[in-house]
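Reading the structure
So the chains spell out like this:
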Amino acid sequence: MLASLYTSLTTKMLSVSTSDHASVVSLNLFVALLCACIVVGHLLEEHRWINESITALLIGLGTGVVILLMSRGKSSHLLVFSEDLFFIYLLPPIIFNAGFQVKKKQFFRNFVTIMAFGAIGTIISCTVISLGAIHFFKKLDIATFDLGDILAIGAIFAATDSVCTLQVLNQDETPLLYSLVFGEGVVNDATSVVLFNAIQSFDLTHLNHEAAFHFLGNFLYLFLLSTVLGVATGLVSAYVIKKLYFGRHSTDREVALMMLMAYLSYMLAELFALSGILTVFFCGIVMSHYTWHNVTESSRVTTKHTFATLSFLAETFIFLYVGMDALDIEKWRFVSDSPGTSVAVSSILMGLVMLGRAAFVFPLSFLSNLSKKNQSEKIDIKQQVVIWWAGLMRGAVSMALAYNKFTRSGHTELRGNAIMITSTITVCLFSTMVFGMLTKPLIRHLMPHQSTTTSMLSDDNTPKSLHMPLLDGEQQDSFVEFSGSHHDVPRPDSLRGFLMRPARTVHHYWRQFDDAFMRPVFGGRGFVPFVPGSPIERSTHDLSKP
């Protein structure tokens, strides 16, 4: 009896030890691959066709082939995909850094157009893809999908991934285009996830006008409350750091508090069933406007580069894993008897993505141009083509939503679900690699005078000097405005001025409100804590010297 018990315990301990060792080996290999992605991406920095996203995808594909051969066709990846891993650990640093790095003036100056593209455009794209799926899927020999499945497919493929285009665009030379592509990408991700979750939780068996209004009201509720939560969390962090001023004792504490408050905003949104993407994005904007200016110079440098590095690693991790998972034999085994069907579904979805994109980019651009009097603020046809092209690529959000809908813990045993997973993988790979490779030549052809930039993590955001740390273009503008030069925000003198230039008028009154009420309470440029002997006190003293 004791011998058998000892034997069973020994066997379990050995199996656990073997499992732990396998996990350690997998993690070591994955970290080594991340290092390889960074090195190869650096070596191919100036390449005409390849960017960092495509580099990670290709390395992932190559690794998947090697693992597939070594395991004799049993597996192609080192880690099992988890939606929780993506939504809880990888997505928050990417979205937060997007808000933290954004040029706020350009973003809010084009806020109406960005929201039109990101929210209304995503709904239009989802509708077009859903209607096309209903029409074409009936003619194919795949599983019968109900209305909820079809609408979920629309939401999945309405989620864009504009990373490749943003890596090419120069935000200093084309600020309007960059802000539109960047802003739409973030709002699009949030809208797609909110739409997907609303579809999943909504009863679609009894559709009527009342149910439609209820769906719309719930959608707007999630949008507004998520935004308010993000702003509130950012303001709390600014107030706490301004009042307590951790930097006089330890800069580590203020950096840690900024990072934890940023992550807390996302987790609070998930706790209250809101949109974590919107919450953490607006938290990033508020923290860059108030909290970042309340910390010491060394903490500003640290936080700026820490957030950027975490975002970069998360993006590389995602593309690397997508490349490996594309060759997962388990999913392809279900469609091996009818490869033509899988190819047809992928082709149809890719065509619907392009059609759905065109259905709102060009009409909404036309309407936006009607409201603009200044020619430089209008979106010309070349810029419209770039915006349309930027949204054709599908990436990690689409993959995560597809896994959430059509798999259980990364596995599926239904043929229809397997077809949707393999089609999603095919569309993501094809659009990212083919469209991504053509992005640089396309932009150089349409905008030959624009010099390309690698990413939003460029050297433009590194410290310029000790006394004015990390002043990028937007922050310099903010400093000039605060100093009293409001040349680019003319004072509105009538209701007609508001109707003709609503963005500039709102910006003018916001600056007045911000300087009079918000900054004295929450800090920010010009209202940083003044503590004798602190780095800020010393830098202020140095600036006052002749």
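The rules behind the values
Residues numbered from 1 in each chain as written. Predicted model: local features only at pLDDT ≥ 70, side-chain atom pairs only at ≥ 80, totals over all residues. Heavy atoms only, no water. Helix = DSSP H or I, 4+ residues; strand = E, 2+ residues; numbered from the N terminus. Buried < 20%, exposed > 50% of the residue type's maximum accessible area, 1.4 Å probe, protein only. Contact = heavy atoms within 4.5 Å. Areas by Shrake-Rupley, 256 points an atom, 1.4 Å probe, with all protein chains shown as cover. Expected span 1.5 Å × (residues − 1). Bend = angle between axes of the 7 residues up to and from the residue. pLDDT = per-residue confidence, 0-100. Core = buried A, V, L, I, M, F, W, Y, C linked by side-chain atoms within 4.5 Å. Phe/Tyr/Trp six-rings, centres within 6.5 Å; stacked < 30°, edge-to-face > 60°. Lys NZ or Arg CZ within 6 Å of the ring centre and 35° of its normal. Salt bridge = Lys/Arg side-chain N within 4 Å of Asp/Glu carboxyl O. Polar contact = N/O pair within 3.5 Å; in protein donor to acceptor, adjacent residues only side chain to side chain. Axes fitted to C-alpha atoms, helices over the stretch in contact; angles between N-to-C directions. Parallel < 35°, antiparallel > 145°, perpendicular 65-115°, else oblique. Left-handed = near helix turned anticlockwise from the far one by under 90°. Nonpolar A, V, L, I, M, F, W, Y, C, P; charged D, E, K, R; others polar.

For the rest of this paragraph, the subject is the overall build of the protein chain. Per the secondary structure count, the protein chain includes 21 helices and zero strands. The proportion of buried residues among the 546 residues of the protein chain is 53%. At a minimum sequence separation of 6, the contacts of the protein chain that also span at least 24 residues come to 82%. Total accessible area on the protein chain stands at roughly 25300 Å², and carbon and sulfur atoms take up 67% of it.

The subject of this paragraph is the environment of Val163. The residue Val163 is located in helix H7 (residues 163–168) in this model. Taking C-alpha positions, Val163 is 9.6 Å from Gly391, a pair spaced 228 residues apart along the chain.

An α-helix turns once every 3.6 residues. As a result, residues three or four positions apart point the same way. The terminal C-alpha atoms of helix H3 (residues 83–101) lie 26 Å apart, and with 19 residues this matches the ideal 27 Å at 1.5 Å per residue to within 8%. For H3, the principal kink sits at Leu91 and spans about 45°; a proline, Pro92, occurs within the next four residues. Counting buried positions along H3 gives 15 out of 19 residues, so the element sits mostly inside the fold.

Turning next to the environment of Ala56. By secondary structure assignment, the location of Ala56 is in helix H2 (residues 52–70). The spacing of Ala56 and Ala36 is 20 residues in sequence and 8.8 Å in space, taken between C-alpha atoms. Not counting residues within four places of it along the chain, the set of residues in contact with Ala56 comprises Cys37, Thr316, Phe319 and Leu320.

This paragraph deals with the confidence of the model for the protein chain. Here the protein chain shows a mean pLDDT of 78. Residues at 70 or above account for 77%. The low-confidence segment residues 532–546, where pLDDT is below 50, has 18 contacts with residues more than four positions distant or belonging to other chains.

What follows is about the nonpolar core. If you look at the biggest cluster of nonpolar residues, it comprises 125 residues, and the most contacted ones within it are Phe137, Phe157, Phe281 and Met420. Considering each element in turn, this core owes the most residues, 14 residues, to helix H8 (residues 175–201). Not counting residues up to four positions away in its chain, the partners in contact with Phe137 are Ile142, Phe145, Ile150, Ile153, Val345, Ile348, Leu349 and Met420. Counting residues in hydrophobic clusters, the runner-up holds six residues, among them Ala238, Val286, Tyr290 and Met518.

Before going further, it helps to examine the packing of aromatic side chains. Considering all chains together, one arrives at 21 aromatic pairs under this definition. Consider the rings of Phe145 and Phe406, whose centres lie 6.1 Å apart with planes at 70°: the pair is edge-to-face. Of this pair, Phe145 sits in the loop between helix H5 (111–137) and helix H6 (147–158) while Phe406 sits in helix H16 (residues 396–406), placing them 261 residues apart in sequence. Each member of the pair, Phe145 as well as Phe406, is classed as buried. Of note, Arg300 hangs over the ring of Trp292, and the distance from its end group to the ring centre comes to 5.6 Å. Over the ring of Trp292 we find Lys304; its NZ or CZ atom is 5.1 Å from the centre of that ring.

Here the focus is the pattern of salt bridges. The final tally for this structure, using the stated rule, is six salt bridges. The closest approach of N and O atoms between Arg357 and Glu184, which form a salt bridge, is 2.6 Å. A residue pair is termed long-range when its members are at least 10 positions apart, and Arg357 in helix H14 (residues 339–370) and Glu184 in helix H8 qualify at 173 residues. One salt bridge connects Arg519 with Asp514, and the closest N-O pair in it is separated by 2.9 Å. Arg519 gets classed as buried once you look at its relative accessible area, which sits at 1%. Taken together, the shared-partner salt bridges connect Arg511, Asp514, Asp515 and Arg519 into one network.

Next up on the list: the side chain of Asn294. With respect to the helices and strands, the residue Asn294 is situated in the loop between helix H11 (276–289) and helix H12 (297–325). Engagement of the side chain of Asn294 in a polar contact is seen with the backbone oxygen of Ala238, the distance being 3.2 Å. From its side chain, Asn294 meets the backbone nitrogen of Gly524 in a polar contact 3.1 Å long.

What follows concerns H2. An ideal rise of 1.5 Å per residue puts 27 Å on 19 residues; H2 measures up with 27 Å between its terminal C-alpha atoms. Buried within H2 we find Ser53, Ile54, Thr55, Ala56, Leu57, Ile59, Gly60, Leu61, Thr63, Gly64, Ile67 and Leu68. Immediately downstream of H2, the backbone of Arg72 shows phi near 60°, a positive value.

The subject of this paragraph is the packing of H14 against helix H17 (residues 415–446). Orientation of H14 relative to H17, taken along the N-to-C sense of each, is 55°, at an axis distance of 9 Å. On the basis of the axis angle, H14 is oblique to H17. Relative to H17, the crossing made by H14 is right-handed. The residues of H17 that touch H14, namely those facing Thr341, Ser342, Val345, Ser346, Leu349, Met350 and Met354, are Arg415, Ile419, Met420, Thr422, Ser423, Thr426, Val427, Phe430, Ser431 and Phe435. For the contact of H14 with H17, the class distribution of residues is nine nonpolar, seven polar and one charged.

Most peptide bonds are trans, and most residues other than glycine sit at a negative phi. Even without being glycine, Ala273 reaches a positive phi, approximately 60°. Inspection of the secondary structure puts Ala273 in the loop between helix H10 (251–271) and H11. Ala273 gets classed as exposed once you look at its relative accessible area, which sits at 60%.

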